Amino acid sequence: MPSPRYWREVPSRLRLEAARCSGCGKVNYPPRPICPGCRGKESEPVTLSKTATIITSTVIHIAPDDFLFEAPYAIAIVETPEGARFMAQVVECDPSSVGPGMDVSLEFRLIRKEARSGILCYGFKAVPTASWEAQS
Amino acid sequence: MREVAIVAAGMTPFGELWEMSLRRLFAEAALEAITMAGVDHLDAIYVGNMSGGCFVGQEHLGPLMADQIGMAGVPSTRVESACASGGIALRTAFFEVASGASDLVLASGVEKMNDGADATNVLATAADQELEVYHGITFPGLYAMIARAHMEAYGTTEEDLSWVSVKNHRHGALNPKAQFPLEFTLEQVMNSTPVAEPLRLLHCSPVSDGAAAVLLCPLDQAKKYTDQPIKILGTGQATSAMALADRKDPTFLDSVQLSAERAYTMAGVGPDDIDVAEVHDCFAISEICCIEALGLVERSQAARAAASGLTALGGRIPVNTSGGLKAKGHPVGATGIAQIIEIYEQLRGESGRRQVQGARLGLAQNMGGSGASSVVHILERI
Ligand SMILES: CC(C)(COP(=O)(O)OP(=O)(O)OC[C@H]1O[C@@H](n2cnc3c(N)ncnc32)[C@H](O)[C@@H]1OP(=O)(O)O)[C@@H](O)C(=O)NCCC(=O)NCCS
Ligand SMILES: [Zn+2]
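Keep in mind it's a predicted model, so treat the numbers as computed, not measured.

Engineer: Can you lay out the overall build of chain B for me, pointing to particular residues and giving the numbers?
Structural biologist: Helix and strand counts for chain B stand at 13 helices and eleven strands. Its C-alpha atoms put chain B at 55 × 45 × 35 Å along the principal axes. Within chain B, the fraction of its 382 residues that count as buried is 67%. Taking contacts inside chain B between residues at least 6 apart in sequence as the whole, the part at least 24 apart equals 77%. Element-wise, carbon and sulfur atoms account for 49% of the exposed surface of chain B, whose accessible area totals about 12,300 Å².

Next comes the structure, spelled out in structure tokens:
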């Protein structure tokens, strides 16, 4: 990944910066110039909470090249209390235990390494919360 | 708008075709269609192709392909919409003829996926690079998430998914052009290796090479080229949010429903009028979601439709008589045109052991990405 491309995503990807639409209240992550819900152009910045709930998930067995040595790994669509949904890997647990409804915390982690001499790429991964594990 | 007909078709076998290049695949399908109609010129060519650039390092397919069939000089355009490239190439050709701008247009699709590129990486370019692929998702993974959400919401089971594959392989076993013309048992499907849970190898369409082409002309000129033209009665296209996370309901393919509504309206028919359908079963779950969004089967019956025989040959609404993407193969850019050819042959009564008796109206639905684009065509025997 060329570093300008990585750098452009820093505010949303590394700082979880999102935008709440002033028209319909939808939280758009990452922020966009126009709200896909109502086409409103006004919004206020919000920073997403570092907690979320899993909406749906899978366990990848046949992985892309860059993730070959991590398979099998769990990956999910998660929703934060603000209503933002996005994709994140789910780590520090048995991948087969991951499923819809699970509560997770979002933690800053290394996501991928770009080729042999490329940059290290960071972001958030999900970790099942202690309270969830105690419940199950 | 003028009425438009399909008057000829050409298609390579689908599979791992090591001896065939991207251009050779196209030429074989295109020349078969051109020869069948006995035409010596074309007014335009559309080439559906997802990723010549990433699969074999070749872009600019419009002129390349025109030249390969001795048609340099003819306007020729590559159409890209991921796995829906072929269907949208047909739609583009349809409008060119319907508008009166052209009389003879070739709509084609081609993909060469087995030439050394990592297909998993290339296919993932049809997902959102920044929000999805960055985190390690794959195409089977996206549909696996749809499957898991469907299971959670509607109680769909791994067995339901597996029946879709069993059915489509039964159909594909009757198709000499299929990549995997063989049957699998429910147990074989359910015990095949996991790809992205809950999807297994035998729930996935394969990595394929292939090409397909059809020739379009105004309906009132069609008898010059064939005794049995097939009319394009309706076309509809729609988009949805690119990232799966941005859809309100991950189990519902809203672009499929919207594209179908548009095609039904244009055709003046409804889902109950359809006799045979080809739908985009890139993964077993997609067939379940698509037949429901198309209105072919009620939501409550969609998951069990393959198991109950509803969508099998001989059932109320046979779906994917070609074997579908699952058994026939899925050279992504060619798929949309190959679906059209299956319906074209069904309506002409040329499908041999796969024939749906008396089929008069057929539907083909072709989808791109995890459902971000969908295109539906309705064809009629006249
Ligand atoms: C499922 C998938 C990952 C399997 O790839 P793979 O693990 O590299 O599989 P291989 O090529 O090593 O094949 C292993 C065996 O299974 C067979 N096979 C491969 N894919 C198959 C399929 N989909 N169905 C049936 N058999 C298949 C192969 O012929 C091979 O058989 P052999 O050992 O007898 O020669 C791959 O086919 C795939 O990515 N499919 C999805 C394509 C896709 O996403 N398309 C876009 C959809 S929108
Ligand atoms: Zn809004």
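Engineer: Which residues make up the domain arrangement of chain B, and what values go with them?
Structural biologist: Residue and element names in this part refer to chain B. By domain assignment, chain B separates into domain 1 (4-117 + 207-224) and domain 2 (119-204 + 233-381). Distance between the C-alpha centres of domain 1 and domain 2: 22 Å. With 45 residues of domain 1 in contact, the opposing surface of domain 2 contributes 34 residues. Contact with domain 2 buries surface across domain 1, with F14, C83 and R91 losing the most and accounting together for 23% of the total. At the junction of domain 1 and domain 2, the tally comes to 16 residue pairs in polar contact (both at pLDDT 80 or more). When contributions to the side of domain 1 that touches domain 2 are tallied by element, the ones reaching two or more residues are β1 (4-11), α2 (52-56), α4 (85-98), β4 (105-112) and β7 (209-218). Here the residues of the side of domain 1 that touches domain 2 sort into 26 nonpolar, 14 polar and five charged.

Engineer: Please set out the coordination of the zinc ion (ligand 2) residue by residue, giving values where relevant.
Structural biologist: Residues and elements named next belong to chain A. Note on the zinc ion (ligand 2): its protein donors are C21 (SG), C24 (SG), C35 (SG) and C38 (SG). The metal-donor distances range over 2.3 Å. Read N to C, the donor residues that coordinate the zinc ion (ligand 2) are spaced as C-x2-C-x10-C-x2-C. One end of the pair, C24, is in the loop between β1 (17-21) and β2 (27-28); the other, C35, is in the loop between β2 and β3 (43-47), with eleven residues separating them in the sequence. Residue classification places C24 among the partly exposed positions, given a relative accessible area of 40%.

Engineer: Any chance you could break down the interface of chain B and chain A for me, citing the residues and the numbers?
Structural biologist: The interface is formed by 30 residues belonging to chain B together with 35 residues belonging to chain A. Taken together, the two surfaces of chain B and chain A that pack against each other cover about 2,800 Å², and 55% of this comes from carbon and sulfur. Among the residues of chain B in contact with chain A, Y134, H135 and M145 of chain B are the three that bury the most area, contributing 28% of the side total. Inspection of the region where chain B meets chain A yields three salt bridges. Here R32 of chain A and D246 of chain B are joined by a salt bridge, their closest N and O atoms 3.2 Å apart. Where chain B touches chain A, the interface holds 17 residue pairs in polar contact (both at pLDDT 80 or more).

Engineer: An account of the sheet that holds strand β2 (residues 44-48) of chain B is requested, with residue identities and associated values reported.
Structural biologist: Residue and element names in this part refer to chain B. The mixed open sheet is built from nine strands, whose spatial order is β3-β2-β4-β7-β1-β8-β11-β10-β9. In this open sheet, the two strands that pair with only one neighbour each are β3 (76-79) and β9 (276-278). On average, each strand axis in the sheet is inclined to that of its neighbour by 25°, with strand direction left out of account. Bridge analysis of β1 against strand β8 (residues 230-239) gives three bridges, and the strand direction is antiparallel. Looking at the pairing, V4 lines up with I232 of β8. Its contacts with the sheet place α4 against β1, β2, β3, β4, β7, β8, β10 (361-368) and β11 (373-381), and it is angled at close to 160° to β2.

Engineer: Which residues make up the site of ligand 1, and what values do they have?
Structural biologist: Taken together, 16 residues are adjacent to ligand 1, and I62 of chain A together with L123, C204, S205 and K326 of chain B come closest. With respect to ligand 1, its neighbouring residues span chains A and B. A distance of 2.8 Å separates a nitrogen atom of ligand 1 from a polar backbone atom of S205 of chain B. One of the backbone nitrogen or oxygen atoms of P206 of chain B is found 3.4 Å away from a nitrogen atom of ligand 1. Protein chains bury 64% of the 930 Å² of accessible surface belonging to ligand 1 in isolation. Here the shell around ligand 1 is built from residues that sort into 13 nonpolar, two polar and one charged.

Engineer: Explain the confidence of the model for chain B to me, and be specific about the residues and the numbers.
Structural biologist: Per-residue confidence for chain B gives a mean pLDDT of 97, with 100% of residues at or over 70. Both confidence scores are given for the complex: pTM 0.97, ipTM 0.96.

Engineer: Can you break down the packing of aromatic side chains residue by residue, with the values?
Structural biologist: All names here are of chain A. Under the counting rule described, the total for this entry stands at seven aromatic pairs over all chains. For the ring pair Y29 and F86, a centre distance of 4.9 Å and an interplane angle of 50° mean the geometry is tilted. Here the residue Y29 occupies a position in the loop between β2 and β3, and F86 occupies one in strand β6 (residues 85-90), the gap between them amounting to 57 residues. The class of Y29 is buried, set by a relative accessible area of 12%. Given the relative accessible area of 7%, F86 is considered buried. With a centroid separation of 5.7 Å and 80° between ring planes, the pair formed by F108 and F124 is classed as edge-to-face. Of this pair, F108 sits in strand β7 (residues 103-113) while F124 sits in strand β8 (residues 120-128), and the two are 16 residues apart along the sequence.

Engineer: Talk me through the side chain of S51 of chain B; I want residue IDs and the actual numbers.
Structural biologist: Counting through the fold element by element, S51 of chain B comes out in the loop between β2 and α2. If sequence neighbours within four positions are ignored, S51 of chain B has contacts with R78, E111 and V122 of chain B.

Engineer: Which residues make up the packing of α4 of chain B against helix α13 (residues 332-348) of chain B, and what values go with them?
Structural biologist: All names here are of chain B. Here α4 crosses α13 at 60°, and the two axes come no closer than 5 Å. On the basis of the axis angle, α4 is oblique to α13. Residues S85, G86, G87 and L90 of α4 form the contact with α13, whose own contacting residues are G333, G336, I337 and I340. Among the residues making up the contact of α4 with α13, the classes are represented as three nonpolar, five polar and no charged.

Engineer: Can you break down the pattern of salt bridges residue by residue, with the values?
Structural biologist: Residue and element names in this part refer to chain B. Under the defined criterion, the tally for this structure stands at 23 salt bridges over all chains. Of the charged contacts in the structure, one is a salt bridge between E3 and K231, with a shortest N-O distance of 2.6 Å. Pair noted here: E3 is in the segment before β1 and K231 is in strand β8, with a separation of 228 residues, a long-range link. Judged by its relative accessible area of 45%, E3 falls in the partly exposed class. Across the salt bridge formed by E158 and R200, the nearest N and O atoms sit 3.7 Å from each other. Of the two residues, E158 sits in helix α7 (residues 158-172) while R200 sits in strand β6 (residues 199-200), which places them 42 residues apart along the sequence. According to the relative accessible area criterion, R200 is partly exposed, its value standing at 21%.

Engineer: An account of a nonpolar patch on the surface is needed here, citing residue identities and associated values.
Structural biologist: A cluster of nonpolar side chains, namely M1, F95 and M266 of chain B, defines an oily patch on the protein surface of about 310 Å² accessible area. Inspection of the secondary structure puts M1 of chain B in the segment before β1.

Rules used in this analysis
- Residues numbered from 1 in each chain as written.
- Chains lettered and ligands numbered in written order.
- Predicted model: local features only at pLDDT ≥ 70, side-chain atom pairs only at ≥ 80, totals over all residues.
- Heavy atoms only, no water.
- Helix = DSSP H or I, 4+ residues; strand = E, 2+ residues; numbered from the N terminus.
- Buried < 20%, exposed > 50% of the residue type's maximum accessible area, 1.4 Å probe, protein only.
- Contact = heavy atoms within 4.5 Å.
- Areas by Shrake-Rupley, 256 points an atom, 1.4 Å probe, with all protein chains shown as cover.
- Domains from an automatic or database assignment.
- Buried area = accessible area lost by both parts, 1.4 Å probe.
- Polar contact = N/O pair within 3.5 Å; in protein donor to acceptor, adjacent residues only side chain to side chain.
- Nonpolar A, V, L, I, M, F, W, Y, C, P; charged D, E, K, R; others polar.
- Donors = N, O, S within 2.8 Å, 3.2 Å for Na, K, Ca; no water.
- Salt bridge = Lys/Arg side-chain N within 4 Å of Asp/Glu carboxyl O.
- Pairing = 2+ DSSP bridges.
- Axes fitted to C-alpha atoms, helices over the stretch in contact; angles between N-to-C directions.
- Near = heavy atom within 4 Å.
- pLDDT = per-residue confidence, 0-100.
- Phe/Tyr/Trp six-rings, centres within 6.5 Å; stacked < 30°, edge-to-face > 60°.
- Parallel < 35°, antiparallel > 145°, perpendicular 65-115°, else oblique.
- Patch = residues over 30% accessible without salt bridge, like charges linked within 9 Å, V, L, I, M, F, W, Y side chains within 5 Å.

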